[in-house]
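Below are the chains, spelled out letter by letter.
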Amino acid sequence: MKLKDQVALITGSARGIGREIALTFAQAGAKVVISDINAESAAKTAEEFRQQGFEALSFGCDVTKAESVEEMVNNVLDKWKSIDILVNNAGITRDNLILRMTENEWDAVLSTNLKGAFICTKVVSKPMLKARKGKMINIASIIGVMGNAGQANYAASKGGVIAFTKSVAKEFASRNITANAVAPGFIQSDMTDKLSEKAKEEIFKQIPLGKLGSPKDVANVCLFLASAEADYITGQVILIDGGMGI
Ligand code: NAP
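Residues numbered from 1 in each chain as written. Predicted model: local features only at pLDDT ≥ 70, side-chain atom pairs only at ≥ 80, totals over all residues. Heavy atoms only, no water.

This part is about a nonpolar patch on the surface. Taken together, Val 145, Met 146 and Leu 239 make up a surface patch of nonpolar side chains, about 260 Å² in accessible area. If you trace the backbone, Met 146 turns up in helix α5 (residues 143-146). Judged by its relative accessible area of 48%, Met 146 is partly exposed. (Patch = residues over 30% accessible without salt bridge, like charges linked within 9 Å, V, L, I, M, F, W, Y side chains within 5 Å. Areas by Shrake-Rupley, 256 points an atom, 1.4 Å probe, with all protein chains shown as cover. Salt bridge = Lys/Arg side-chain N within 4 Å of Asp/Glu carboxyl O. Helix = DSSP H or I, 4+ residues; strand = E, 2+ residues; numbered from the N terminus. Buried < 20%, exposed > 50% of the residue type's maximum accessible area, 1.4 Å probe, protein only.)

In structure tokens:
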């Protein structure tokens, strides 16, 4: 029970990697806040967690809207008194080649992936600074380290998340708040499930370990970073990519 009685807020956690992180934290004893732009699916996920005996609250919250984040955080503090762990996971893609990419596609990705992380960090840092403790974990991507044709907006947002994480780590270290990023590579998801065998083979050629990662692979590293075992680690970026970034 590495996170016994800790309160963890995970953005974009109704489904996908965020859901797996929330489940892993709940299994480690945390009370989890399932926060997602889709209120209905967040409520459904939280209900599934409660049925398994875990403590879970849900909120419909758009990370790009400061008022929406503030309202959620105030509600969590009223109910559970603290927020000990924040995972900035909510993220989107709007892929296109640069010559075809619209400003809307650029803005949407930068707004959700980077500005959203800034807003949530700013709002959640207040109770953490007061408590003089906290763990912040940002979900970046291998694309933010290596770049990728057709994903200039996504790469810029995730590269920004990495630089942002290092700045947060420096700014809040004196208050015992750590900030680290994880950078997943190709992770099994709705998107990768739809790929043809041939497309998967092409992807596997780029991955030394020769297989996709799972949401659990990402959640396990987040659990470590959120636990006391990682108390002396801050400002780091951990690649969870089967060696793709070597
Ligand atoms: P996903 O399945 O699309 O889940 C993302 C969740 O975030 C969805 O529930 C989505 O809601 C929610 N969301 C979108 N915009 C939001 C907003 N403005 N405010 C709050 N919630 C919002 O994605 P995933 O594959 O699990 O990815 C999770 C994170 O890992 C992302 O940051 C992604 O960039 C990163 N990542 C993923 C991979 C991968 O291979 N999957 C690799 C590297 C990094 P809706 O359901 O309504 O859209």
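Now for the sheet that holds strand β6 (residues 177-184). Ordered in space as β3-β2-β1-β4-β5-β6-β7, the 7 strands form an open sheet in which the pairing is parallel. The open sheet has two free edges, formed respectively by β3 (56-60) and β7 (237-240), since each of these has just one partner strand. Ignoring which end each strand starts from, the neighbouring axes of this sheet average 20° apart. Here strand β5 (residues 134-139) pairs with β6 via 6 bridges, running parallel. If you follow Ile 139 over to β6, its bridge partner there is Val 182. Strands β1 (7-11), β2 (31-36) and β3 of the sheet are contacted by helix α3 (residues 66-80), whose axis makes an angle of about 160° with β3. (Pairing = 2+ DSSP bridges. Axes fitted to C-alpha atoms, helices over the stretch in contact; angles between N-to-C directions. Contact = heavy atoms within 4.5 Å.)

Along the chain, Arg 132 falls in the loop between α4 (103-131) and β5. Sequence spacing of Arg 132 and Arg 175 is 43 residues, and the spatial spacing of their C-alpha atoms is 5.0 Å. Apart from residues no more than four positions distant in its own chain, Arg 132 is found in contact with Ser 174, Arg 175 and Asn 176.

Before going further, it helps to spend a moment on the site of the ligand. Close contacts around the ligand come from 23 residues, with Arg 15, Ile 17, Asp 36, Asn 89 and Tyr 154 the closest. Ile 37 is positioned with one of its backbone polar atoms (N or O) 3.3 Å from a nitrogen atom of the ligand. One of the backbone N or O atoms of Ile 187 is found 3.1 Å from an oxygen atom in the ligand. When the ligand is considered free in solution it has 890 Å² of accessible area, and contact with the protein chains removes 84% of it. Of all elements in the fold, only α1 (16-27) and α6 (152-172) reach the threshold of two or more residues within the shell around the ligand. Here the residues of the shell around the ligand sort into 11 nonpolar, 8 polar and 4 charged. (Near = heavy atom within 4 Å. Polar contact = N/O pair within 3.5 Å; in protein donor to acceptor, adjacent residues only side chain to side chain. Nonpolar A, V, L, I, M, F, W, Y, C, P; charged D, E, K, R; others polar.)

Below, the discussion takes up the packing of α1 against helix α9 (residues 215-226). As a packed pair, α1 and α9 sit with axes 8 Å apart at the nearest point and diverge in direction by 50°. With respect to α9, the element α1 is oriented oblique. Where α1 crosses over α9, the handedness of that crossing is right-handed. On the side of α1, the interface is formed by Ile 17, Glu 20, Ile 21, Thr 24, Phe 25 and Gln 27, while α9 contributes Pro 215, Lys 216, Val 218, Ala 219, Asn 220, Cys 222, Leu 223 and Ala 226. Here the contact of α1 with α9 is composed, by residue class, of 9 nonpolar, 3 polar and 2 charged. (Parallel < 35°, antiparallel > 145°, perpendicular 65-115°, else oblique. Left-handed = near helix turned anticlockwise from the far one by under 90°.)

The final tally for this structure, using the stated rule, is 11 salt bridges. Its salt-bridge partner being Lys 133, residue Asp 84 comes within 3.0 Å of it at the nearest N-O pair. Within this pair, whereas Asp 84 is found in the loop between α3 and β4 (85-88), its partner Lys 133 is found in the loop between α4 and β5, the two being separated by 49 residues in sequence. For the salt bridge of Glu 202 with Lys 205, the shortest nitrogen-to-oxygen distance reads 3.0 Å. Note that Glu 202 and Lys 205 are positioned in helix α8 (residues 197-205) at a spacing of 3 residues, about one turn of the helix. The partly exposed category is assigned to Glu 202, whose relative accessible area is 41%.

On β4, burial covers both faces: Ile 85 and Val 87 on one face and Leu 86 and Asn 88 on the other are all buried. Relative to β4, β1 runs parallel, the two being bridged by 3 bridges. Bridge assignment links Leu 9 to a residue of β4, and that residue is Leu 86. A crossover links β4 with its parallel partner β5, the connecting element being α4, and its sense is right-handed. (Right-handed = clockwise from strand over helix to strand, strands pointing away.)

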